[in-house]
Amino acid sequence: MRKAGRHFVQIPGPTNVPDRILHAMARPTIDHRSPEFAELAKDVLESVKTVFRTTGPVFIYPSSATGAWEAALANTLAEGDRVLMFETGHFATLWSQLAARLGLKVELVPGDWRSGADIAAGAKILAADRAHTIKAVCVVHNETSTGCVSDVAELRAALDAAKHPALLMVDTVSSLASIDFRQDDWHVDVTVAGSQKGLMLPPGLSFNAVSDKALAAAQQAKRPASYWSWAEMQKLNAQGFFPYTPATNLLYALKEAIAMLHEEGLDNVFARHQRHAEATRRAVRGWGLEILCRNPDHYSGSLTAVLMPDGHSADGFRKTVAERYNMSLGNGLSKLADRVFRIGHLGDFNDIMLSAALSGVEMGLANAGVPHRAGGVQAALDFLKGNG
Ligand SMILES: *Cc1c(COP(=O)(O)O)cnc(C)c1O
């Protein structure tokens, strides 16, 4: 049966694609070896740097963000190299498994999935590694499975304090263009990103923003990457081309997204996300439910994960909301399965959309028989109307 009105995608990515972006990509695919394409590519390859706050190269792959995880590691590291990672949640775990499959020796700093990375524990390991056997340190900036942010600047400071030369790699898949991130200021060596979250695009593009130090490491790498090769990309990107067929229409979309982000102003975009996150947390507390992230300094601007009261199924609740209100909420991943639901508030989003999403949650809690107090939505509305 047809469901009238708009489907609410309140998962923390893919996010809601704005009409301007849909229109920008609704055009015939052009010859990717033509001068017209080169003009588009040069424009996008240059302007995308501003979103990463870098002056270095950004490589764009026609792949999901998982590909960019692999690209970061495959270009710079060789089998047997030691990498330090932080177990912040599901995505950090997946990245570490991918690293292990590439033959890297992964050391995982443990975490309880309720806060950002334990930087102090990582700092100790780095300080003890006087022989510099650790070749890269990898962290997920915004852990999308938990709604906790890790402090990248603090991790950079820990590397500097230990005078440790390891490459710093950061997954910004659900933070780029939503939560403040600074590739150059924080001396990040490889930033991994994807198109379908803060960038407001459909899935299908991924990114590596790369420092000079990472480029140098890639030149010396003993096992050169193939499909993911930065060297091949760099050669052809200089002329506005790619080593293989690029996702042409998504590049039109990206051009539009970058323009939209700058029309609003990146700092305003970040502030909007923080404001919606705060309103959401007020709603959750109003319902008497628990926010999964236990450390207020690590609260995420792009999503909020909510713990279900004991004995109640998060997936059952999400199903009720999907069926009755045509809204998708994020599920609990791996060890959080059925224990949490996640409210995405990132991308192209405004106060009324957030209010509607929170209303759907509050009605769904009642419909699914989840113990809660009414009034969460009211608390969010009071915050939103009083804090323009
Ligand atoms: C979504 C996400 C990924 C995976 O992205 P895909 O496009 O599904 O490959 C990786 N890391 C984080 C933090 C994410 O949120």
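Draft legend 1. Quick peek at the overall build of the protein. Counting secondary structure elements, the protein contains 13 helices and 14 strands. Seen along its three principal axes, the alpha-carbon backbone of the protein occupies a region of about 60 × 55 × 35 Å. Evaluated residue by residue, the protein yields a buried proportion of 58% over its 388 residues. Sequence separation of 24 or more characterises 73% of the internal contacts of the protein that already satisfy a separation of 6 or more. Carbon and sulfur atoms provide 53% of the accessible area of the protein, an area that totals close to 15,700 Å². Computed over 39 positive and 40 negative side-chain charges, the inter-centroid distance for the protein is 3 Å.

Draft legend 2. Geometry of the domain arrangement of the protein. Assigned domains within the protein: domain 1 (8-15 + 265-386) and domain 2 (19-262). Between the C-alpha centres of domain 1 and domain 2 the distance comes to 27 Å. Taken residue by residue, the interface counts 32 residues in domain 1 and 33 residues in domain 2. Per-residue buried area on domain 1 facing domain 2 is highest for Leu266, Phe270 and His298; these three make up 22% of the total on that side. Along the contact surface separating domain 1 from domain 2 lie three salt bridges. Between the two partners, domain 1 and domain 2, sit 18 residue pairs in polar contact (both at pLDDT 80 or more). Of all the secondary structure elements, the ones that give two or more residues to the side of domain 1 that touches domain 2 are helix H10 (266-286), strand S11 (290-291) and strand S12 (303-307). Of all the elements, H10 adds the most residues to the side of domain 1 that touches domain 2, at five residues. Among the residues forming the side of domain 1 that touches domain 2, the class breakdown is 15 nonpolar, 11 polar and six charged.

Draft legend 3. Structural detail: the sheet that holds S11. Strand order in the open sheet formed by three strands is S11-S12-S14, with antiparallel pairing between adjacent strands. Here the strands that pair on one side only, and so sit at the sheet edges, are S11 and strand S14 (340-344). The pairing of S11 with S12 spans two bridges and is classified as antiparallel. Bridging from a neighbouring strand, Glu290 pairs with Leu307 of S12. In this fold H10 packs onto S11, S12 and S14, with an angle of close to 15 degrees to the strand it touches most, S12.

Draft legend 4. Molecular detail of the site of the ligand. Taken together, 13 residues lie around the ligand, and Ser64, Thr66, Thr144, Asp171 and Lys197 are the ones closest in. Contact between the ligand and Ala65: an oxygen atom at 2.9 Å from a main-chain N or O atom of the residue. Protein coverage of the free-state accessible area of the ligand, which is 380 Å², stands at 88%. Broken down by element, the residue count for the shell around the ligand peaks at three residues, all from helix H3 (residues 65-76). Residue classes in the shell around the ligand are distributed as five nonpolar, six polar and two charged.

Analysis parameters
Residues numbered from 1 in each chain as written. Predicted model: local features only at pLDDT ≥ 70, side-chain atom pairs only at ≥ 80, totals over all residues. Heavy atoms only, no water. Helix = DSSP H or I, 4+ residues; strand = E, 2+ residues; numbered from the N terminus. Buried < 20%, exposed > 50% of the residue type's maximum accessible area, 1.4 Å probe, protein only. Contact = heavy atoms within 4.5 Å. Areas by Shrake-Rupley, 256 points an atom, 1.4 Å probe, with all protein chains shown as cover. Lys, Arg positive; Asp, Glu negative; His and termini not counted. Charge placed at Lys NZ, Arg CZ, Asp CG, Glu CD. Domains from an automatic or database assignment. Buried area = accessible area lost by both parts, 1.4 Å probe. Salt bridge = Lys/Arg side-chain N within 4 Å of Asp/Glu carboxyl O. Polar contact = N/O pair within 3.5 Å; in protein donor to acceptor, adjacent residues only side chain to side chain. Nonpolar A, V, L, I, M, F, W, Y, C, P; charged D, E, K, R; others polar. Pairing = 2+ DSSP bridges. Axes fitted to C-alpha atoms, helices over the stretch in contact; angles between N-to-C directions. Near = heavy atom within 4 Å.

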